[in-house]
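Report on the structure
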Amino acid sequence: MEEQPKTAEDGPDSGEEKESRTLQAWLAGIAIGCLVVAAMIASYEIGKNNADTPVVADGPAPAGEKPAPEPAAAGPGATLFSTSCGSCHTLAASDSTGTAGPNLDDLQPDAALVVAAIENGGAGTGAMPAGLLSGDEAQQVADFVAESVGSGQ
Ligand code: HEC
């Protein structure tokens, strides 16, 4: 009969225990909830990264239209051309579509002709401003154009 009082004493204890168990259950529930949210965020990020990777990998592929002029299109002449000449001249290597002057892909000028055109202003009719560029810049653009249209330098 010693056990009876124990049980009686346990009564209130087990009630408290019950409360703390409920609290533990809540905490566990919240913790699991957080884990689920974290897992969702993680899988979203992973999914996003995986989705990004093929885009980056595909990046250079569509540029397969004109693989040859690409090295030239990265140089200073390419930048100068698109800012100083592209508004009037079409040149595929520079993505320029100007129509005021002749299409340079068709004309295929060599570097010397381009330098002369820059110095004199096109063929000298006044339709193309003379001296748009000079010195090194004129030469860089001329080299870029000649290289791009395949006329040599
Ligand atoms: C305002 C418009 C305009 C700009 C800007 C321009 N051009 Fe021209 N370009 C022309 C026209 C128009 C012609 C046709 C020839 C003429 O009437 O003089 C021409 C002709 C040319 C020719 C052919 C010349 C010939 O003897 O047949 C070359 C090469 C040329 N341009 C290169 C360039 C370069 C390189 C640039 C940039 C530095 C440039 N152009 C900027 C309008 C322009």
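For the structure, see preceding data.
The sections below set out a description of the structure shown in this document. (Residues numbered from 1 in each chain as written. Predicted model: local features only at pLDDT ≥ 70, side-chain atom pairs only at ≥ 80, totals over all residues.)

Take the overall build of the protein chain next. Per the secondary structure count, the protein chain includes six helices and two strands. Reading the secondary structure of the protein chain in the N-to-C direction produces α-α-α-β-β-α-α-α. Across the 153 residues that make up the protein chain, the buried fraction comes to 17%. Relative to all contacts within the protein chain whose residues are 6 or more apart in sequence, the contacts with residues 24 or more apart total 49%. (Helix = DSSP H or I, 4+ residues; strand = E, 2+ residues; numbered from the N terminus. Buried ≥ 20, exposed ≤ 12 C-beta atoms within 10 Å, placed from the backbone. Contact = placed C-beta atoms within 7 Å.)

So, about the site of the ligand. Taken together, 25 residues are adjacent to the ligand, and Cys-85, Cys-88, Gly-101, Gly-122 and Met-128 come closest. When residues of the shell around the ligand are assigned to their parent elements, the largest contribution, four residues, is made by helix α5 (residues 111–120). Residues belonging to the shell around the ligand are distributed by class as follows: 18 nonpolar, seven polar and no charged. (Near = placed C-beta within 6 Å. Nonpolar A, V, L, I, M, F, W, Y, C, P; charged D, E, K, R; others polar.)

It is worth spelling out helix α6 (residues 135–149) at this point. Spanning 15 residues, α6 covers 21 Å between terminal C-alpha atoms, matching the ideal 21 Å at 1.5 Å per step. Residues of α6 that are buried: Ala-138, Val-141, Ala-142, Phe-144, Val-145, Ala-146, Glu-147, Ser-148 and Val-149. Remark: Gly-150 follows α6 within two positions and exhibits a positive phi of approximately 75°. (Expected span 1.5 Å × (residues − 1).)

Another aspect to go through is the nonpolar core. Grouped together as the largest cluster of nonpolar side chains are 20 residues, with contacts concentrated most on Phe-81, Val-114, Ile-118, Val-141, Ala-142 and Val-145. Counting residues per element, the ones that place at least two in this core are α3 (76–84), α5 and α6. The element that contributes the greatest number of residues to this core is α6, accounting for seven residues. What Ile-118 contacts, discounting residues up to four positions off in sequence, is Leu-132, Leu-133, Ala-138 and Val-141. (Core = buried A, V, L, I, M, F, W, Y, C linked by C-beta atoms within 7 Å.)

Its location among the elements puts Ser-96 in strand β2 (residues 96–97). Leave out the neighbours within four places in its chain, and Ser-96 touches Phe-81, Ser-82, Gly-86, His-89, Thr-90 and Leu-91.

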